[in-house]
Every structure is written in C-alpha cells, then in structure tokens.
Amino acid sequence: MPSKSILEQKQAVVADLAEQLKNSPAGVVVNYQGITVDADTKMRKALREAGVKYMVMKNSLTGRACDEVGLGDMKQYLTGMTAIAIGTTDPVAPAKVLKEYAEKVESFQILAGYLDGAVVDANTVNTLADIPSKEVLIAKLLGSIKSPLYGLAYALQAVVDKDGEAAPAAEEAAEAPAEA
C-alpha cells in the first residue's frame, strides 16, 4: 500500500489535471511511441508556441482526471505510451500541431481528443486540424463581404463614366443650330 504522502501527491496531480481539462476548450491524446528525442523537442516547442500544454502522465492518473470532469469515455484510449495535449485558448491548436507530427512520424498517432466537454475520435481530431486558422477564416469572410461591394462600386462607376460621356454629346446637340 502506498504511503499517505504519495497518495496525496497523486491526488494533487489528478486534481491539477482535472482543473486544466475543465478549463480548456479542447485537447488531444496521442500515442508518442517511436518519436525521436529531436522530433519530440521540436514538437514540444511548437506546442508551447501555440499555447498548448503537453504532458506525459500515467494512464491511470489521466483516467481519474477525465472521470472527474465528465470525460470518462476517454479512458478507453489510455493504453500504452500516451500523452495529452491541452489547448489553453485555441481549440484547434493541439490538433494542428500534433497532426503535423503524426504525418511525419509513422508510429506517432493521434488516438482521440475532446472538444467542448465531449470525447471525439481520431478522425474528428484530424478534421479539426484541417480547419484554417482564425485569421484565415476572418480574411475569407471579409473578402466575401467585400467582393459584392467592389462589384457594386465598379457598376456605379461605369454608369457615371457612361453618363459623363453622354452629357457632352447632349450639350453639343443642344448648342447646334436647328436646320430648317
């Protein structure tokens, strides 16, 4: 039987992880087996820059934390060498970075994830990773709003230009003496 101090440490770790899971919009569970130290270091750096917390933790502790926040279905994916990436602000960031590394390293694979309190499978995580960034989506929206306005402005300018050409011709016709 573990000592009381070890139990308290484990309970603190589970409580901390549960709090992080509860406060995050999304996260991803991966099997990190086979990733080299160099690739792992680069991946962790990319995750940090994207505002994602990445941690390797015992599956039993992760499972308990998932149970505490209502993500009990996640426990079925917690077998083998797993790690969890928790997005702090952007729900797409963990999926994007980890998908990039899953494509580079054959044995590294996305197992599952969670989004807004619901467990999602690996296919959903990969689909989420394919969503363009927020900035790209905003640019596309603004472009689609701006396009019809440009069309209207060009059409109005064409009318103005056409009327501008017709007006001098009408003035010339009015000034010309009437032939009898």
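Anything mentioned here points back to the structure above.
The following paragraphs examine the structure supplied in this document. Positions within a chain are numbered from 1, following the residues in the order the chain's sequence is written. Local features are withheld for residues below a pLDDT of 70 in this predicted model, meaning they are given only at 70 or higher, and side-chain atom pairs are given and counted only at 80 or more; totals for whole chains, interfaces and linings count all residues. Working from all heavy atoms in the structure, the side-chain values ignore hydrogens and water.

For the largest pocket, the calculated volume is near 160 Å³. Around the largest pocket, the lining residues are D90, V92, K96, I131, P132, S133, K134, E135 and L137. Numbering of helices and strands starts at the N terminus; helices are DSSP runs of H or I of at least 4 residues and strands are runs of E of at least 2. It is helix α6 (residues 134–175) that contributes the most residues to the lining of the largest pocket, 3 residues altogether. Of the residues that constitute the lining of the largest pocket, the class distribution is 4 nonpolar, 1 polar and 4 charged. Only protein atoms enter the 1 Å grid, on which a cavity is a set of points fitting a 1.4 Å probe that cannot get out and a pocket is an open set with protein on both sides within 12 Å along at least 5 of 7 lines, lining residues being those with an atom within 4 Å of a point. Grid points are joined across faces, edges and corners, and a volume is the space filled by probe spheres set on the points. Amino acid classes used here: Ala, Val, Leu, Ile, Met, Phe, Trp, Tyr, Cys and Pro are nonpolar; Asp, Glu, Lys and Arg are charged; the rest, including Gly, are polar.

A few words now on a nonpolar patch on the surface. Nonpolar side chains (Val, Leu, Ile, Met, Phe, Trp, Tyr) are joined into patches within 5 Å and like charges within 9 Å, using only residues with over 30% relative accessible area and no salt bridge. With residues, only the protein chains shown are counted as cover, and all accessible areas are computed by Shrake-Rupley using a 1.4 Å probe. The working definition used for a salt bridge is a side-chain nitrogen of Lys or Arg within 4 Å of a carboxyl oxygen of Asp or Glu. On the surface, a cluster of nonpolar side chains totalling about 490 Å² of accessible area is made up of I138, L141, L142, I145 and L149. Looking at where L141 falls in the secondary structure, it is placed in helix α6.

Only strands that DSSP links by at least two bridges are regarded as paired with each other. Strand order in the open sheet made by the 5 strands is β2-β3-β1-β4-β5, with antiparallel pairing throughout. Among the strands making up the open sheet, the edge pair consists of β2 (52–56) and β5 (118–121). The average undirected angle you get between the axes of adjacent strands in this sheet is 20°. Bridge count between strand β1 (residues 26–31) and strand β4 (residues 109–115): 6 bridges; the pairing is antiparallel. Looking at the pairing, G27 lines up with Y114 of β4. For every element, the axis is a line fit to its C-alpha atoms; helices are fit only across the contacting stretch, and the angle between N-to-C directions ranges from 0 to 180 degrees.

Let's shift gears to unusual backbone geometry. Look at D116: it is not a glycine, yet its phi comes out positive at around 50°. Locating D116 in the fold gives a position in the loop between β4 and β5.

Let's shift gears to the packing of helix α4 (residues 93–104) against helix α5 (residues 122–129). At a closest axis distance of 8 Å, the pairing of α4 and α5 adopts a crossing angle of 100°. As summarised for this structure, α4 and α5 are arranged roughly perpendicular, according to the angle between their axes. Judged by residue contacts, A95, K96 and K99 of α4 engage V125, N126, L128 and A129 from α5. Residue classes in the contact of α4 with α5 are distributed as 4 nonpolar, 1 polar and 2 charged. In what follows, roughly perpendicular refers to angles from 65 to 115 degrees, roughly parallel to angles under 35, roughly antiparallel to angles over 145, and oblique to any angle outside these ranges. Contacts are residue-level and defined by heavy atoms, with any inter-residue pair within 4.5 Å sufficient.

Looking now at the nonpolar core. Think of a nonpolar core as a cluster: buried Ala, Val, Leu, Ile, Met, Phe, Trp, Tyr and Cys residues, connected wherever their side-chain atoms sit within 4.5 Å. Buried means the residue's accessible area, taken with a 1.4 Å probe over protein chains only, is under 20% of the maximum for its type, while exposed means over 50%, and partly exposed covers the values in between. Ranked by size, the top nonpolar core spans 24 residues in total, and within it V30, M43, Y54, L98 and F108 carry the most contacts. When contributions to this core are tallied by element, the ones reaching two or more residues are β1, α2 (37–49), β2, β3 (82–87), α4 and α5. Residue contacts for V30: discarding those within four places in its chain leaves Y54, M81, T82, A83, L98, F108, Q109, I110 and L111. Counting residues in hydrophobic clusters, the runner-up holds 18 residues, among them M55, A65, C66 and L78.

Moving on, we come to empty space enclosed by the protein. Empty space left among the atoms is revealed by rolling a probe the size of a water molecule over them. Within this structure, the stated rule accounts for 1 cavity of 30 Å³ or more. In this structure, the largest cavity is lined by A26, G27, V28, P91, A95, G113, Y114, V120, V125 and L128. Taken together, the elements giving at least two residues each to the lining of the largest cavity come down to β1, β4 and α5. Among the elements that take part in the lining of the largest cavity, β1 stands out by supplying 3 residues, more than any other. Class assignment of the residues belonging to the lining of the largest cavity gives a composition of 8 nonpolar, 2 polar and no charged.

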